[in-house]
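Now for the letters of each chain:
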Amino acid sequence: ETELIRSEPLSKRLDCFVWLKMENQQISGSFKYRGISLLCKEAVEKGCKKLVCSSGGNAGLAATFAAEVLGIPITVYVPESTPKTVRVKLIEHGATVMVHGNKWDMANAKALEAATEAGVHFIHPFDNPLIWEGHATIITDMKDQLRGKVPDVIVVSVGGGGLMNGILHGLHEVGWNHVPLVAMETIGADSLNACVKAGDWVEIDDITSVAKCLGARRVCKRTYQWLSEHNVISCAIPDEEALKACVKISDDHNILVPPSCGAAIAAVYSDILSDLIKEGKLPQILNNVVIIVCGGSGTTTKKVEEWRNKYM
């Protein structure tokens, strides 16, 4: 269980209670440990002798920490865009790291090839029902922590859709079907927003955003299906807004988050939620807003200062 904290700066800005679900506190640094550790555990229980994972960084860390606990070897395939600090951390915790291609799709294809060997189990970074089940525990935690309060809206970053799927699964599980979900992406990694605009399960041409952890050119099929089953409001913002949010949350709460996480936090800092209220897409009066601080690795104080100097 991770903390649910009330943000005074964000609450003042939105004139309601804004809560931060601190998934950056997970052992691997991000929410991904919830679902991926569950998938790894099941694989080992079924006789798997080695794990193979593809990742931009965070899923690989989650799988590596799980493998370390389970005492099983793991190979993580990452693209060239994965920060060196993340690769080093993977190696320090026992993973064999293979760098392949300049995008996650390429690393994923190579990982799938490697996973054809006997006794090897492939750990997808986001597209597996067991992963979503694990991520759904964010909501069951939150329900206990809110002590009878019900969120008026939940804000989440979307990459491949694993977190979104888990959050929606959890909402329906606890009877919060009516709670709208604001799905935040950065332009250039906006594969869900592209589906909304096209009215179809489409793939974007390339990942051009700095938020490489959101870098899936197409969301899960299940993620696309949720668009017709729940009130999901898709928003895509420029990289600059996500980076500004990373700087501001560092100042306000002394935490370091990557641009992929900054995208969700920007929903308040960049007045996205205020605009949605004006447009009639959210209730006119909000009492409790929850932002999933999904976490992630690779952000340093040096990077935050670079973003501050460039964008603030």
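Before reading further, recall that the structure is shown in the block above.
None of the values given here were measured: they were computed from a predicted structure. (Residues numbered from 1 in each chain as written. Predicted model: local features only at pLDDT ≥ 70, side-chain atom pairs only at ≥ 80, totals over all residues. Heavy atoms only, no water.)

## With respect to the pattern of salt bridges
Considering all chains together, one arrives at 17 salt bridges under this definition. Among the ionic pairs, Asp-206 bridges to Lys-103, the shortest N-O distance being 3.2 Å. Linking Asp-206 in the loop between helix H9 (191-198) and helix H10 (221-226) with Lys-103 in the loop between strand S5 (96-99) and helix H5 (104-114), this pair joins segments that are 103 residues apart in sequence. The class of Lys-103 is partly exposed, set by a relative accessible area of 22%. Shared partners join several salt bridges into a network, and the residues in it are Lys-21, Glu-23, Arg-34 and Asp-141. (Salt bridge = Lys/Arg side-chain N within 4 Å of Asp/Glu carboxyl O. Helix = DSSP H or I, 4+ residues; strand = E, 2+ residues; numbered from the N terminus. Buried < 20%, exposed > 50% of the residue type's maximum accessible area, 1.4 Å probe, protein only.)

## Things to note about the environment of Lys-103
Separated by 34 residues in sequence, Lys-103 and Thr-137 have C-alpha atoms that sit 30 Å apart. Excluding its chain neighbours within four sequence positions, the residues that come into contact with Lys-103 are Pro-79, Asp-206 and Ile-207. Separated by 3.2 Å, the side chains of Lys-103 and Asp-206 make a polar contact. (Contact = heavy atoms within 4.5 Å. Polar contact = N/O pair within 3.5 Å; in protein donor to acceptor, adjacent residues only side chain to side chain.)

## Digging into the sheet that holds strand S7 (residues 153-157)
Pairing is mixed across the open sheet formed by six strands, whose spatial order is S1-S2-S10-S7-S8-S9. Strand pairing shows two members of the sheet lacking a second neighbour, strand S1 (4-6) and strand S9 (232-237), which therefore form its edges. Taken pair by pair, the neighbouring strands of this sheet meet at an average axis angle of 25 degrees, ignoring direction. By the bridge criterion, six bridges tie strand S2 (residues 17-22) to strand S10 (residues 288-293) in an arrangement that is parallel. Note on S10: the bridge partner recorded for Met-22 is Val-293. (Pairing = 2+ DSSP bridges. Axes fitted to C-alpha atoms, helices over the stretch in contact; angles between N-to-C directions.)

## Some thoughts on helix H12 (residues 259-269)
The buried fraction of H12 amounts to eleven of the eleven residues, a majority that puts the element mostly inside the structure. Among all positions of H12, only Pro-259, Ser-260, Cys-261, Gly-262, Ala-263, Ala-264, Ile-265, Ala-266, Ala-267, Val-268 and Tyr-269 are buried. Asp-271 sits one or two positions beyond H12 and adopts a positive phi of about 65 degrees.

## Some words on helix H2 (residues 32-45)
Its 14 residues place the ends of H2 20 Å apart at the C-alpha level, agreeing with the 20 Å of an ideal helix rising 1.5 Å per residue. All of the buried residues in H2 are Lys-32, Tyr-33, Arg-34, Gly-35, Ile-36, Ser-37, Leu-39, Cys-40 and Ala-43. Of the residues one or two after H2, Gly-47 is the one with positive phi, at around 100 degrees. (Expected span 1.5 Å × (residues − 1).)

## A closer look at the packing of helix H11 (residues 239-253) against helix H14 (residues 301-311)
Contact geometry for H11 and H14: axes closest at 9 Å, N-to-C directions at 120 degrees. Overall, the two elements H11 and H14 adopt an arrangement that is oblique. When the axes of H11 and H14 are compared, the crossing they make is left-handed. Residue-level contacts link Glu-240, Leu-243, Lys-244, Cys-246, Val-247, Ser-250 and Asp-251 of H11 to Val-304, Trp-307, Arg-308 and Tyr-311 of H14. Among the residues forming the contact of H11 with H14, the class breakdown is six nonpolar, one polar and four charged. (Parallel < 35°, antiparallel > 145°, perpendicular 65-115°, else oblique. Left-handed = near helix turned anticlockwise from the far one by under 90°. Nonpolar A, V, L, I, M, F, W, Y, C, P; charged D, E, K, R; others polar.)

Read these as geometric descriptors, not functional statements.
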